[in-house]
Amino acid sequence: MTKVPITKVTDELKTEIFYPDSDGKPMTESDPTRDYLIYGVNALKSYFKNREDVYVSGNLFIYYQKGEPDQVVSPDVFVVFGVENKQRRSYKTWEEGGKLPSWVLEITSKSSRNSDQTTKSQLYQTMGVLEYFQYDPTGDYLNPPLKGLLLVKGKYKPIPSKSLGDGDFSIDSEVLGLELQVHQGKLEFFDQKLGKKLLNFQELEIAYQRAKLEQTTETKARQQAELERAAEAQARQRAEEGLQNAISQLLSLGLTVEQIAEALNLSVAEVNRHV
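On a predicted model such as this, the values are computed, not experimentally measured, just so you know.

(A) Just the overall build of the protein, in detail. Counting its regular elements, the protein contains five helices and 14 strands. Within the protein, the fraction of its 275 residues that count as buried is 34%. Taking as baseline every contact in the protein between residues at least 6 positions apart, the subset at least 24 positions apart corresponds to 55%. Carbon and sulfur atoms make up 50% of the accessible area of the protein, which amounts to about 18,000 Å² in all.

This is the structure we're talking about:
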C-alpha cells in the first residue's frame, strides 16, 4: 500500500496588536498647561491651515515602533511635515511613511521636569525631532522659562535666545519659520513676516467679528454719506428750479434783469444765467 504524503499547511496564528488611543486616565493638566497646550495647537493649526502636507496636533499618542505598543510618546504640541493634514485618533509612524515630528513643544513643570529634561529629550533626540522646545508657564524651575534645542549631527544643542528688552526674549524656530517670544513670562508665537503674533481660534474669531463689525460700520457710514450727498443735490436742484421759476415770473411781470437782480439779491450775471 502506497502511503500518500499529506501536505500540512499550518497557518501561523496571528494575534492582532492593540494600539490604544489613550491610556484611559483622565487629563489632569493644570490651567496654565492646558491653556498653552490649546494655544500652541490652535495657533499652529491656523498658521499651517493652507498646507495640506503639515499635521499639527497635541496630547496624541505617537507610536514609533510597529508591533510594540509600549513604544509610545504623547507630546503636548507637535508638528509633522510631509503627511496629510487630517484628523487622527493616534499617530502610527509606519502608516505615515515613517514620518516623525520635526518640532515638539512640552509644557513643562516641576512634576514633569525629569521626564521632559531627560527621558523625553533623549527619546526625541533618538527619534530625530529637529527642534525640541520646553516652556514652563509658571516659572516653577525653568529659568528662563523657554528653552529650545536644535538637533545637530544627532545631538541636541541649545538654540540661543535674543533679548527683547525688559526681561523679554525670543528664540527662533527654523523648522516653523516663527519666533517663540516670551513677554512677562507669557509665550507667544510671532510671525516676523507679518509682524504680529499668532492668534488662537478664539482670538481669530473675535478679530474676525471685530473686523466684520468695523466693515459694517464703515459701510453704514458710507451709505449715510451717499444719502446726505443725494439729499444735498436734490436740495440744490429744488433751489435752482425755484429760482428759475421766480425769475421767469418776474420777467413776465415786466421787470428788467437789473431790477430782478436787485430784488433777489443776485448779480446780473446770475440772473442772465437763468434767463
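Moving on from the model shown.
(B) Representation of the side chain of glutamate 106 within the structure. By the element assignment, glutamate 106 lies in strand S6 (residues 103-107). Residue classification places glutamate 106 among the buried positions, given a relative accessible area of 1%. Within the structure, glutamate 106 has its side chain in polar contact with the backbone nitrogen of aspartate 76 (distance 3.4 Å). Those residues in contact with glutamate 106 that sit more than four places away from it in its chain are Ser74, Pro75, Asp76, Asp116, Lys120, Tyr124, Tyr132, Phe133, Gln134 and Tyr135.

(C) The arrangement of the pairing of strand S1 (residues 54-57) in detail. The side-chain alternation of S1 yields two buried faces, one formed by Val54 and Val56 and the other by Tyr55 and Ser57. Sheet topology places S1 next to strand S4 (residues 77-81); four bridges connect them, and they run antiparallel. Within S4, the position partnered with serine 57 by the bridge is phenylalanine 78.

(D) Geometry of the pattern of salt bridges. By the definition in use, this model includes nine salt bridges. For the salt bridge of arginine 89 with aspartate 21, the shortest nitrogen-to-oxygen distance reads 2.8 Å. Of this pair, arginine 89 sits in the loop between S4 and strand S5 (91-92) while aspartate 21 sits in the segment before helix H1 (31-47), placing them 68 residues apart in sequence. In this structure, glutamate 179 and lysine 162 form a salt bridge, with 3.0 Å as the shortest nitrogen-oxygen distance.

(E) How the structure looks around helix H2 (residues 113-127). Over its 15 residues, H2 runs 20 Å from end to end, which matches the ideal 21 Å to within 8%, given 1.5 Å per residue. Taken as a whole, H2 carries its principal kink of about 40° at lysine 120. Residues of H2 that are buried make contact with strand S3 (72-73), S6, strand S7 (131-135), strand S8 (146-152) and strand S9 (155-158). Glycine 128, located one to two residues past H2, shows a positive phi value of around 90°.

(F) Representation of the packing of aromatic side chains. Tallying each qualifying case throughout the model produces 13 aromatic pairs. Ring plane angle 70° and centroid distance 5.0 Å describe the contact between tyrosine 124 and tyrosine 132, whose orientation is recorded as edge-to-face. Considered together, tyrosine 124 and tyrosine 132 belong to a single accessibility category, that of buried residues. Between the aromatic rings of tyrosine 132 and tyrosine 156, the centroid separation amounts to 6.2 Å while the plane-to-plane angle is 40°, which identifies the pairing as tilted. Here tyrosine 132 is found in strand S7, whereas its partner tyrosine 156 is found in strand S9, with 24 residues between them in sequence. One exposure class covers both tyrosine 132 and tyrosine 156, and it is buried. Members of the aromatic cluster, connected to one another through ring pairs, are Tyr19, Phe61, Tyr63 and Trp94. Sitting over the face of the ring of tyrosine 55, arginine 88 holds its NZ or CZ atom 4.2 Å from the ring centroid.

(G) Structural detail: the sheet that holds S4. Taken together, six strands build an open sheet; the order of strands is S1-S4-S6-S7-S8-S9 and the sheet is mixed. The open sheet has two edge strands with one neighbour each: S1 and S9. Sheet twist, expressed as the mean angle between neighbouring strand axes with direction ignored, is 20°. Here H1 sits on the sheet in contact with S1, S4, S6 and S7, set at roughly 20° to S4. Packed on one face of the sheet, H2 meets S6, S7, S8 and S9 and runs near 160° to S7.

(H) Layout of helix H4 (residues 257-264). Val257, Ile260 and Ala261 are the residues of H4 that are buried. Relative to the axis of H4, the buried residues are bounded by an arc of 100° and lie together on one face. Turned more than 90 degrees off the buried face of H4, the exposed positions are Glu262 and Ala263. Asparagine 265 lies just past H4 and shows a positive phi near 60°.

Rules used throughout
- Residues numbered from 1 in each chain as written.
- Predicted model: local features only at pLDDT ≥ 70, side-chain atom pairs only at ≥ 80, totals over all residues.
- Heavy atoms only, no water.
- Helix = DSSP H or I, 4+ residues; strand = E, 2+ residues; numbered from the N terminus.
- Buried < 20%, exposed > 50% of the residue type's maximum accessible area, 1.4 Å probe, protein only.
- Contact = heavy atoms within 4.5 Å.
- Areas by Shrake-Rupley, 256 points an atom, 1.4 Å probe, with all protein chains shown as cover.
- Polar contact = N/O pair within 3.5 Å; in protein donor to acceptor, adjacent residues only side chain to side chain.
- Pairing = 2+ DSSP bridges.
- Salt bridge = Lys/Arg side-chain N within 4 Å of Asp/Glu carboxyl O.
- Expected span 1.5 Å × (residues − 1).
- Bend = angle between axes of the 7 residues up to and from the residue.
- Phe/Tyr/Trp six-rings, centres within 6.5 Å; stacked < 30°, edge-to-face > 60°.
- Lys NZ or Arg CZ within 6 Å of the ring centre and 35° of its normal.
- Axes fitted to C-alpha atoms, helices over the stretch in contact; angles between N-to-C directions.
- Arc of directions from axis to C-beta.

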